[in-house]
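Residue-level listing of the chains:
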Amino acid sequence: MTIRLAEDTLFAHRFGASTPFQVGVEEELFLVDPSGHHVRCCTDELLADRPARFTRGRAIGEMCDGVIELATPVCASADEAVRALRQLRRDVLARDRAALMGAGMHPTAPFGDVTHRAGAHYDAVADDVRGLLRQSVVCGVHVHVGMPDPETAVNAFNGMRKWVPVLQALGANSPFWHGQDSGLQSCRTARFHMIPRTGLPRAFRDWDDYTDTMRELIRVSGIEGPGSLWWDVRPHPSLGTLEVRVLDAQSSLAGLRGLIALIHCLALHEATVADDRHPPKEVLDEACHHAIRDGLDARLSVGGPMQHMQALARQALDIAHAYAHELRCVEALAGAEALLSGNGADRQRRAYAAGGMDAVLEHLVAETATPTVTKQPFGEACGVRRVGSGMPRR
């Protein structure tokens, strides 16, 4: 089943529709049994239960039952976004239908234990990729940063490509699949990259080059539109944003806070600094392989000498700190700094070493239910003053 969009609506965009460089976040979390921690297929029942209790942002279903997506409103800062996610997590837990688990893949879910929810879009996607989406359920985090115009969105996309391995390493939180150690830091990424139109494409010359390429991809693949291009980073015309989709779902809101702040700062940097040196796709594909396999211990190149992931992550953080005051995320970036000493995958493996797979599941559920502790209240106004616009309210 294929849904066709009219040609004149394919690349209609909302770049320039609101204040530029605002941020929004969508996180996908597993719904699990509070005692056994297995996936509980109750998404529709949970969403039908007292919907008015979602007081800030939205909770919606995803393609797979047993997953819920929590989406913030448009926010000025990482702190404001995490405040919304914290409240959304509490709203879900208050319904007493399931516990929440933040992980890229459920560590013990059996291969093929997937239930798809009904819907025309989901039917079209399932027909497109066939059995690949019936293998495992995966959960990620999508960070949107509003862009003032299409050309800036393409520039930011081109620049953000080289940071994808860093974000994969810092955000890796899926070392286990089907009850076994995968040998990877992010088996979610490996599993997700099995489906078409994922990973990273080449850099684009300009907006016309991007739209011409997308139009041809849509033609030859028979997909419904740009929404079925699931790259790790992509312009999102209908929201007027650059969307970074590379992160595993996170159990720790403190770590997620740091990752959102890092992405927010890097996206602003790449949108405003001219640099035509873009690593080729082949080099970045290899770098991403090392990042999802070895995480923070990887050695790789993103278009220059081989270097340790810690050094490359340090470069990213140094750039981010230059924008942190403007984006009011100096303290939030400390969460990303802390990940240099161990990401979510490392914490899962430490839990396993201490108490086996039951300890891993208990760790993930407990950490997902734990609110962020900060010295300053969430929700400070960002204060970004730039001509243009960004992410519209959804």
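Preceding this paragraph is the structure being described.
Source: prediction; values computed, not measured.

**Remarks on the packing of helix α8 (residues 253-272) against helix α10 (residues 309-324)**
Angle between the axes and distance between the axes: these two values describe a pair of packed helices.
At step 1: Between α8 and α10, the least distance of the axes is 8 Å, while the angle of their chain directions is 85°. Our classification of the angle between α8 and α10 gives roughly perpendicular. On the side of α8, the interface is formed by L262, C265, L266, L268, H269 and T272, while α10 contributes A316, L317, I319, A320, Y323 and A324.

**Structural notes on the environment of T72**
At step 1: Along the chain, the position of T72 falls in the loop between β3 (67-71) and α2 (78-93).
At step 2: With a relative accessible area of 3%, T72 lands in the buried category.
At step 3: Put simply, T72 and L85 are 13 residues apart on the chain and 6.4 Å apart in space, counted from C-alpha to C-alpha.

**A word on the pairing of β3**
At step 1: In terms of burial, β3 is largely enclosed, as five of its five residues are buried.
At step 2: Across the two faces of β3 the burial is the same, with V67, E69 and A71 and I68 and L70 all buried.
At step 3: Bridge count for strand β1 (residues 23-32) against β3 is five bridges, and the pairing is antiparallel. Looking at β3, one finds that E28 is bridged to E69.
At step 4: Relative to β3, strand β2 (residues 58-61) runs antiparallel, the two being bridged by four bridges. Each bridged residue has a counterpart across the sheet, and for A59 the counterpart in β3 is L70.
At step 5: A loop of five residues connects β2 with β3, the two strands running antiparallel in sequence, and G66 in this loop sits at a positive phi of about 90°.

**Concerning the pairing of strand β9 (residues 241-248)**
At step 1: In terms of burial, β9 is a largely internal element, eight of the eight residues being buried.
At step 2: Where strand β5 (residues 140-146) and β9 come together, six bridges link them in antiparallel fashion. Bridge assignment links G140 to a residue of β9, and that residue is D248.
At step 3: When strand β8 (residues 233-236) meets β9, the two strands line up antiparallel, connected through four bridges. Among the inter-strand pairings, H236 is bridged to a residue of β9, identified as T241.
At step 4: Following β8, the chain reverses through four residues before pairing antiparallel with β9; G240 in that reversal takes a positive phi of roughly 70°.

**Side note on the packing of aromatic side chains**
At step 1: The tally for this structure, following the rule as stated, stands at seven aromatic pairs.
At step 2: Seen from their ring centres, F157 and W231 are 6.4 Å apart, and the 35° between their planes marks the pair as tilted. Highlighted residues: F157 in helix α4 (residues 150-160) and W231 in the loop between α7 (207-221) and β8, separated in sequence by 74 residues. Neither residue differs from the other here; F157 and W231 are each classed as buried.
At step 3: Between F176 and Y352, the ring centres sit 5.4 Å apart and the planes meet at 40°, which makes this aromatic pair tilted.

Calculation criteria
- Residues numbered from 1 in each chain as written.
- Predicted model: local features only at pLDDT ≥ 70, side-chain atom pairs only at ≥ 80, totals over all residues.
- Heavy atoms only, no water.
- Axes fitted to C-alpha atoms, helices over the stretch in contact; angles between N-to-C directions.
- Helix = DSSP H or I, 4+ residues; strand = E, 2+ residues; numbered from the N terminus.
- Parallel < 35°, antiparallel > 145°, perpendicular 65-115°, else oblique.
- Contact = heavy atoms within 4.5 Å.
- Buried < 20%, exposed > 50% of the residue type's maximum accessible area, 1.4 Å probe, protein only.
- Pairing = 2+ DSSP bridges.
- Phe/Tyr/Trp six-rings, centres within 6.5 Å; stacked < 30°, edge-to-face > 60°.

Without other data, these values stay purely geometric and don't point to any function.
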